Protein chains: 4
Amino acid sequence: MKTIAVLTSGGDAPGMNAAVRAVVRSGIYNGCKVFGVNRGYRGLIDGDLFEMDLSSVGDIIHRGGTILKSARCLEFKTEEGRAKALNVLKVFGIDGLVVIGGDGSFQGAQKVSEMGFPAIGIPGTIDNDLAYTDYTIGFDTTLNTVIDAISKIRDTSSSHERVSIIEVMGRHCGDIALYSGLAGGAEVIIIPEAEYNEDEICKKLIQSKNRGKKHSIIMLAEGVGGAQELSEKIKEKTGIESRATILGHIQRGGSPSAFDRIIASQMGAKAVELLLEGKSSRVVGIKNNEIIDMDIHEALAIERKLNTDIYKLVDVLSI
Amino acid sequence: MKTIAVLTSGGDAPGMNAAVRAVVRSGIYNGCKVFGVNRGYRGLIDGDLFEMDLSSVGDIIHRGGTILKSARCLEFKTEEGRAKALNVLKVFGIDGLVVIGGDGSFQGAQKVSEMGFPAIGIPGTIDNDLAYTDYTIGFDTTLNTVIDAISKIRDTSSSHERVSIIEVMGRHCGDIALYSGLAGGAEVIIIPEAEYNEDEICKKLIQSKNRGKKHSIIMLAEGVGGAQELSEKIKEKTGIESRATILGHIQRGGSPSAFDRIIASQMGAKAVELLLEGKSSRVVGIKNNEIIDMDIHEALAIERKLNTDIYKLVDVLSI
Amino acid sequence: MKTIAVLTSGGDAPGMNAAVRAVVRSGIYNGCKVFGVNRGYRGLIDGDLFEMDLSSVGDIIHRGGTILKSARCLEFKTEEGRAKALNVLKVFGIDGLVVIGGDGSFQGAQKVSEMGFPAIGIPGTIDNDLAYTDYTIGFDTTLNTVIDAISKIRDTSSSHERVSIIEVMGRHCGDIALYSGLAGGAEVIIIPEAEYNEDEICKKLIQSKNRGKKHSIIMLAEGVGGAQELSEKIKEKTGIESRATILGHIQRGGSPSAFDRIIASQMGAKAVELLLEGKSSRVVGIKNNEIIDMDIHEALAIERKLNTDIYKLVDVLSI
Amino acid sequence: MKTIAVLTSGGDAPGMNAAVRAVVRSGIYNGCKVFGVNRGYRGLIDGDLFEMDLSSVGDIIHRGGTILKSARCLEFKTEEGRAKALNVLKVFGIDGLVVIGGDGSFQGAQKVSEMGFPAIGIPGTIDNDLAYTDYTIGFDTTLNTVIDAISKIRDTSSSHERVSIIEVMGRHCGDIALYSGLAGGAEVIIIPEAEYNEDEICKKLIQSKNRGKKHSIIMLAEGVGGAQELSEKIKEKTGIESRATILGHIQRGGSPSAFDRIIASQMGAKAVELLLEGKSSRVVGIKNNEIIDMDIHEALAIERKLNTDIYKLVDVLSI
């Protein structure tokens, strides 16, 4: 193994830069050349690659976003697109590819592997929606961003004695709502993985108010949605004022947390190690507090399950 | 002057607690008793007052929101409501009232003054929409919250090379959008005080893209609104992807900035001083870097003007 | 089991309040009475206990420090002191004790257990120096505080092209220096668990400078110390300017991170669960991403080991 | 006027980048060429200049430190050194120089002006020690950094019921200690501009403790120093435990506050305007909430005075 390429793909996540840095630095440390690919698979097709040296990744470990940029690329979903990409990889003399991204990006890496080209995936997505790994890069930073927003909203909702409904990212996976809800002291969590009952929620809000709580917080995952409608129903059924906030894109940005920088650094180094060992079609992750790797097919086949312990704990701690 | 009451009214603002603390502490320092009124004018009508001592305001200078809570109160807009309130003030032996809030709250203070009861206003509102003072308490904190959000959004919009449209608070007054736009390096500011031309904006976005900018930021005041629609029009007219974010209630919360705590402390002390001097129907403010006071009628009559220097400077600095 | 007491002891750590809240709320949820003890073992001896209800722990999950306060207590190290404490526990009708703290606090809990009184320990210490658990409450927050400080110091040391030496807490355990060093992109880590060689460090600093790095960061654990002396030696041996910063007590404070709030919530609930099951002399922890419990004696006997993978990774990534 | 050079000199300050950006962008907007000088006067002597375009200053408005770097330069204090610098300016075809820095940097600008070369100063220093301007760039950010540190230290000192002594920057000027002390709710301010009496301080600490305060904060300016000694004396005279923290270089870094970015932007534009008008030997500043300019000699001759209103207010509000 001599020459590695690295790209970031899909929605960006804080810590992607730390992972890129780890791939570049540990690649060079092990005697490899490392190329960066701009704009994910798009750049692979377009031949938008450039050689990176040690200082290409200087002063980026603390930066949000991705210096390699990201983009959607429909063309890569076609056989012709992938053939072009593979050609580019050969022309540039690349021997192995590291893909940092989520679900969809891993499917791309899998296709590349199937074409006989070594590819390794690193889980970079704020959603924490990959079941094979306990944490994805970016999730911890997003949780900290969300609990900071909860604190700010709590200030104003306490002052006005209102209920706050906070909609956070997560289309299929409610982990951002669930974990930030536990950490933020929320009363109610509404996520795609669990049924919810409006009357139960209203009952809880009334009880909370009656026992003297000045405000209540409802965390709502994007995949369920309907923050504004819920706000109106609560008013109608309980008479309690509420305000809906959709946190939006601030959840994707910001300087990565210590935890995200650490696992990103470890995973980046691990990906290079795997390529040097001649492995392909693997994804790296963290399981039981250890950096692991697993076959991509296998990893993508594992079904996500709701952490019911945490879901119940929210209920216990918000009585 | 022996007994003072203080209330917070209208939308809460970071720094209100610092102002309450200053009223209580400087009141007691000068030999007064100080009562806190819960929930603004509502509490005045309901007799929801309590005596505050030095430690009532301990460890609150750094807290967002208002420990005295706030609420809307339609009843106070009626003569009967105000008569009840005045009665409560007399029953509790209050000699003077300090009202911390915005425009509407000051009108209440003015009515109280007209009924012969000494009242002083302190400008607490994130909107900076009171023309008689250079700054209102809360404005600086909100600016810092907004530029932090801009930084986070910039991370992700740079990574995806998109335009960001960020809608911030300000119904009649675009100061939050304007000042945070200058501080955040925005390309375009859309506020109620100034005309804007969609084609000019699109032209600027295209030019920016062509000269290599990876992203552009458009600040939009709530009073203009239509973030989502604008996003679609930009896509249509320029082909450039954009994302709209409505920052919402996080703008109201958070630990107050140094500047807001300082002016809140100064204004709170000034309000007590005015009451001790037998003044009434005054508002305090900061003008030319000095704490001032002015007649309420006069203050409310001054017309706000757009800071055109800053508005133009945004254009110069975002070429 | 009917009545539980909870105390915080030793150096405070962010997340202790989240743990107290979890003990109180899950205790009450399970039908118990819960008492808070002020100032750790001191309050136990003095009978400084008070019954806590649901709202005693309202709005504290996001606060640093501990609402129960903490203090050193030499008297508790004597048999007489402990006899007094046990007497107080009986007089108040307490059936079980939860101790939140570090090494020394656990030894106290062990003594209480040995006297036949059920006691459970929760690891609350920023140092992460308890080998039986992967993380202690407070460690993650401190890491985030330290990397934020590193970012600020990096700004100024880059501008002046200086080396920064940053001394962080950790007398016997270098984990704060090690993990924040990895996350902060440090060049050198100096900790009690590993030898270091001044000439090697100087060599690395010279090489870094020669390959164009504008600044280098050295993380130094308190247990090694000597930041100022090191700074002078570097100047002498390399001619490169450096500045020493001792971060001090800011490392103990601040709103707890999402991670710390989550594990604190889980551990608090677990401690109550153990008492309800009639267990004693146990400590709770997190191992392999799962909440566990273990005998106190056993837990305290496990020897800490340096995470050599991370120690080496710092070297690889800072070439 | 066609070609402008800009440099940053002396201790760096957050907001310097915003000022550099404003000089470059408003220079180019007005048809000028703009050169950046690396490492302050050092770079001027060495001819370390480079032409800057619009994107040279892209994405820097929110960054701490200075992209132009800074350095001390003894050689510029000699006539020979300055002659070399002037020669470089001529060789590069520069018509005017903007110097961003403090006291010492302005003296350099004055010398340059005296040699017949147009030079304008912008006040960039965290110390706020320039009497002709109400605020210097960086001061507001530093205040916010310090009050954040105070909040963190307050968490732990409340938990342990200790006094905190916090030493902040400011050799001759106590403004950082004074303003952050007011904003942070400090009990005592010790600054070079005012006498202090140890017994008075001890008396206040005892009184505070007796009336139930869980902690007290003493702000100490670097120019007075002796944090550790003071801590020991307090223990000796009052029996109260205290801890000293020297905040150090974190005070210089961090993303600039909204206020600092705004005044930096305004001042940068003003400096260019002055050069275009053919002015020289001027400094820009902010006075009475307006951007002003003044002769350098005159500006440097104005004597700083302590803001006694604020100094007294701290006393009133911390009873």
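Residues numbered from 1 in each chain as written. Chains lettered and ligands numbered in written order. Predicted model: local features only at pLDDT ≥ 70, side-chain atom pairs only at ≥ 80, totals over all residues. Heavy atoms only, no water.

Our focus in this paragraph is the overall build of chain A. For chain A, the helix and strand inventory stands at 11 helices and 11 strands. In terms of overall size, chain A behaves like a compact globule, its C-alpha atoms giving a radius of gyration of 22 Å where 319 residues would be expected to give roughly 20 Å. Each principal axis of the C-alpha distribution contributes one length, and for chain A these read about 70 × 35 × 35 Å. Sorting the 319 residues of chain A into buried and exposed places 64% on the buried side. Taking the intrachain contacts of chain A between residues at least 6 apart in sequence as the baseline, contacts between residues at least 24 apart amount to 74%. Of the roughly 11200 Å² that chain A leaves accessible, carbon and sulfur atoms contribute 46%. Put simply, chain A has 37 plus and 42 minus side-chain charges, and the middle of one group is 3 Å from the middle of the other. (Helix = DSSP H or I, 4+ residues; strand = E, 2+ residues; numbered from the N terminus. Rg over C-alpha atoms; globule rule 2.2 N^0.38 Å. Buried < 20%, exposed > 50% of the residue type's maximum accessible area, 1.4 Å probe, protein only. Contact = heavy atoms within 4.5 Å. Areas by Shrake-Rupley, 256 points an atom, 1.4 Å probe, with all protein chains shown as cover. Lys, Arg positive; Asp, Glu negative; His and termini not counted. Charge placed at Lys NZ, Arg CZ, Asp CG, Glu CD.)

Along the chain, Ser70 of chain A turns up in the loop between strand E3 (49–52) and helix H3 (79–91). A polar contact of 2.6 Å, which involves the side chain of Ser70 of chain A, links it to the backbone oxygen of Gly10 of chain A. (Polar contact = N/O pair within 3.5 Å; in protein donor to acceptor, adjacent residues only side chain to side chain.)

It is worth spelling out the relation of the copies chain C and chain A at this point. Under the fitted operation, chain C is carried onto chain A by 0.0 Å of movement along the axis and a turn of 180°, and the coordinates agree to an RMSD of 0.0 Å. Such a turn and shift between the copies fits a two-fold axis. Residue Asn288 of chain C of chain C places its C-alpha closer to the rotation axis than any other residue of that unit, at 1.9 Å. When the interface residues of chain C are mapped onto chain A, 100% of them are again interface residues, pointing to one common binding face. (Least-squares fit on C-alpha atoms with pLDDT ≥ 70 in both.)

A few words now on the UniProt feature "binding site: Mg(2+)" (unreviewed entry) in chain A. Residue and element names in this part refer to chain A. Here the UniProt-annotated "binding site: Mg(2+)" (unreviewed entry) positions come out as Asp103. When you line up the elements, Asp103 lands in helix H4 (residues 103–114). Residue Asp103 is classed as partly exposed on the basis of its relative accessible area of 35%. Those residues in contact with Asp103, other than ones at most four positions away along the chain, are Leu130 and Leu300. (UniProt positions renumbered as here; feature names shortened; annotations may be inferred.)

Within a sheet, neighbouring strands are paired by backbone hydrogen bonds and run either parallel or antiparallel to one another. Residues and elements named next belong to chain B. Here we have seven strands laid out as an open sheet, ordered E3-E2-E1-E4-E5-E10-E11, and mixed in their pairing. Either end of the sheet is taken by a strand with one partner, and the two such strands are strand E3 (49–52) and strand E11 (290–295). Between one strand axis and the next, the sheet turns through 30° on average, direction left out of account. In terms of strand pairing, strand E5 (residues 119–123) meets strand E10 (residues 282–287) through two bridges, oriented parallel. Bridging across to E10, Gly121 finds its partner in Val283. Together, strand E1 (3–8), strand E2 (33–37), E3, strand E4 (96–101) and E5 form the strand contacts of helix H1 (residues 16–29), whose direction differs from that of E4 by roughly 160°. (Pairing = 2+ DSSP bridges. Axes fitted to C-alpha atoms, helices over the stretch in contact; angles between N-to-C directions.)

Attention shifts here to the packing of helix H5 (residues 139–160) of chain D against helix H6 (residues 175–184) of chain D. All names here are of chain D. Across the interface, H5 lies against H6 with an axial gap of 9 Å and an inter-helix angle of 50°. In terms of axis orientation, H5 runs oblique to H6. In this structure, H5 crosses over H6, and the sense of that crossing is right-handed. Across from Phe139, Thr142, Leu143, Val146, Ile147, Ile150 and Arg154 in H5, the residues of H6 making contact are Asp175, Ile176, Tyr179, Ser180, Ala183 and Gly184. Grouping the amino acids of the contact of H5 with H6 by side-chain chemistry returns eight nonpolar, three polar and two charged. (Parallel < 35°, antiparallel > 145°, perpendicular 65-115°, else oblique. Left-handed = near helix turned anticlockwise from the far one by under 90°. Nonpolar A, V, L, I, M, F, W, Y, C, P; charged D, E, K, R; others polar.)

This brings us to the packing of aromatic side chains. Evaluation of the coordinates by the stated rule reveals 26 aromatic pairs over all chains. Ring centres of Tyr135 of chain C and Phe139 of chain C lie 6.5 Å apart, and the angle between their planes is 25°; on these two criteria the pair is classed as stacked. For the pair Tyr135 of chain C and Phe139 of chain C, one class covers both residues: buried. Arranged with centres 6.4 Å apart and planes meeting at 50°, the rings of Phe106 of chain D and Tyr132 of chain D form a pair that is tilted. In this pair, Phe106 of chain D is assigned in helix H4 (residues 103–114) and Tyr132 of chain D in the loop between strand E5 (119–123) and H5, connecting sequence segments 26 residues apart. The exposure class of Tyr132 of chain D is buried, given its relative accessible area of 2%. Every member of this aromatic cluster is reached through a ring pair, and the members are Tyr135, Phe139, Tyr179 and Phe259 of chain A together with Tyr135, Phe139, Tyr179 and Phe259 of chain C. (Phe/Tyr/Trp six-rings, centres within 6.5 Å; stacked < 30°, edge-to-face > 60°.)

Right, let's get into the interface of chain C and chain A. In many reports, interface size means the accessible area that the parts give up when they come together. Taken together, the contacts link 45 residues of chain C with 45 residues of chain A. Between chain C and chain A lies a buried interface of about 3900 Å² when both sides are counted; carbon and sulfur atoms form 61% of it. When the area that chain C buries against chain A is broken down by residue, the three leading residues are Ile262, Leu317 and Ile319 of chain C, summing to 15%. With a closest N to O distance of 3.0 Å, Arg154 of chain A and Asp59 of chain C form a salt bridge. The interface formed by chain C and chain A includes 16 residue pairs in polar contact (both at pLDDT 80 or more). At the level of secondary structure, the elements contributing two or more residues to the side of chain C that touches chain A comprise helix H1 (16–29), helix H5 (139–160), helix H6 (175–184), helix H9 (258–276) and helix H11 (308–317) of chain C. Split into classes, the residues belonging to the side of chain C that touches chain A amount to 21 nonpolar, 15 polar and nine charged. (Buried area = accessible area lost by both parts, 1.4 Å probe. Salt bridge = Lys/Arg side-chain N within 4 Å of Asp/Glu carboxyl O.)

Now for the UniProt feature "active site" (unreviewed entry) in chain A. Residue and element names in this part refer to chain A. When the UniProt feature table is mapped onto this chain, "active site" (unreviewed entry) is found at Asp127. Looking at where Asp127 falls in the secondary structure, it is placed in the loop between strand E5 (119–123) and helix H5 (139–160). Judged by its relative accessible area of 17%, Asp127 is buried. Every residue in contact with Asp127, bar those within four places of it in the chain, is listed here: Phe139, Met169, Gly170, Cys173, Asp175 and Ile176.

Summarising the element assignment, Gly253 of chain B is placed in the loop between strand E9 (242–246) and helix H9 (258–276). By relative accessible area, which is 0% here, Gly253 of chain B ends up buried. Here Gly253 of chain B is in contact with Lys152 and Asp155 of chain A together with Pro14, Thr141 and Thr145 of chain B, once residues within four sequence places are set aside.

To continue, consider the interface of chain D and chain B. Counting residues at the interface gives 45 residues for chain D and 45 residues for chain B. For the chain D and chain B pair, buried surface summed over both sides reaches about 3900 Å², with 62% attributable to carbon and sulfur atoms. A per-residue breakdown of the area chain D buries against chain B is headed by Ile262, Leu317 and Ile319 of chain D, which together make up 15% of the total. In this structure, the connection of chain D to chain B is made through 16 residue pairs in polar contact (both at pLDDT 80 or more). Within the residue set of the side of chain D that touches chain B, elements represented by two or more residues are helix H1 (16–29), H5, H6, helix H9 (258–276) and helix H11 (308–317) of chain D.

Packed helices, taken two at a time, are described by the angle their axes make and the gap between the axes. All names here are of chain A. It is at 10 Å that the axes of helix H6 (residues 175–184) and helix H11 (residues 308–317) come closest, and there the two elements cross at 30°. Overall, the two elements H6 and H11 adopt an arrangement that is roughly parallel. Here H6 and H11 pass one another in a crossing that is left-handed. The segment H6 lies against H11, with Leu178, Tyr179 and Leu182 engaging Ile310, Tyr311, Leu313, Val314 and Leu317.

Time to look at the domain arrangement of chain A. Residue and element names in this part refer to chain A. For chain A, the domain assignment lists domain 1 (3–138 + 256–301) and domain 2 (139–252). The straight-line distance from the C-alpha centre of domain 1 to that of domain 2 is 34 Å. In this assembly, 17 residues from domain 1 lie in contact with 12 residues from domain 2. Roughly 1100 Å² of surface becomes buried between domain 1 and domain 2 when both sides are summed, with 52% attributable to carbon and sulfur atoms. When residues of domain 1 are sorted by the area they lose upon contact with domain 2, Ile126, Asp127 and Asn128 head the list and together hold 45% of the total. Counting across the interface, domain 1 meets domain 2 through zero salt bridges. Remark: the boundary between domain 1 and domain 2 carries 10 residue pairs in polar contact (both at pLDDT 80 or more). Residue composition of the side of domain 1 that touches domain 2, grouped by class: seven nonpolar, six polar and four charged. (Domains from an automatic or database assignment.)

Residue and element names in this part refer to chain B. With the rule as written, the count across this model stands at 88 salt bridges over all chains. Between Arg42 and Asp46 there is a salt bridge whose closest N-O contact spans 3.1 Å. Within this pair, Arg42 and its partner Asp46 are both found in helix H2 (residues 41–46), separated by four residues, close to a single helical turn.

Right, let's get into H6 of chain A. The buried fraction of H6 of chain A amounts to 10 of the 10 residues, a majority that puts the element mostly inside the structure. What H6 of chain A keeps buried is the set Asp175, Ile176, Ala177, Leu178, Tyr179, Ser180, Gly181, Leu182, Ala183 and Gly184 of chain A. Structurally, H6 of chain A contributes buried residues whose contacts are with H5, strand E6 (163–168), strand E7 (188–190), strand E8 (216–221) and H11 of chain A together with H9 of chain C. Gly185 of chain A, located one to two residues past H6 of chain A, shows a positive phi value of around 75°.

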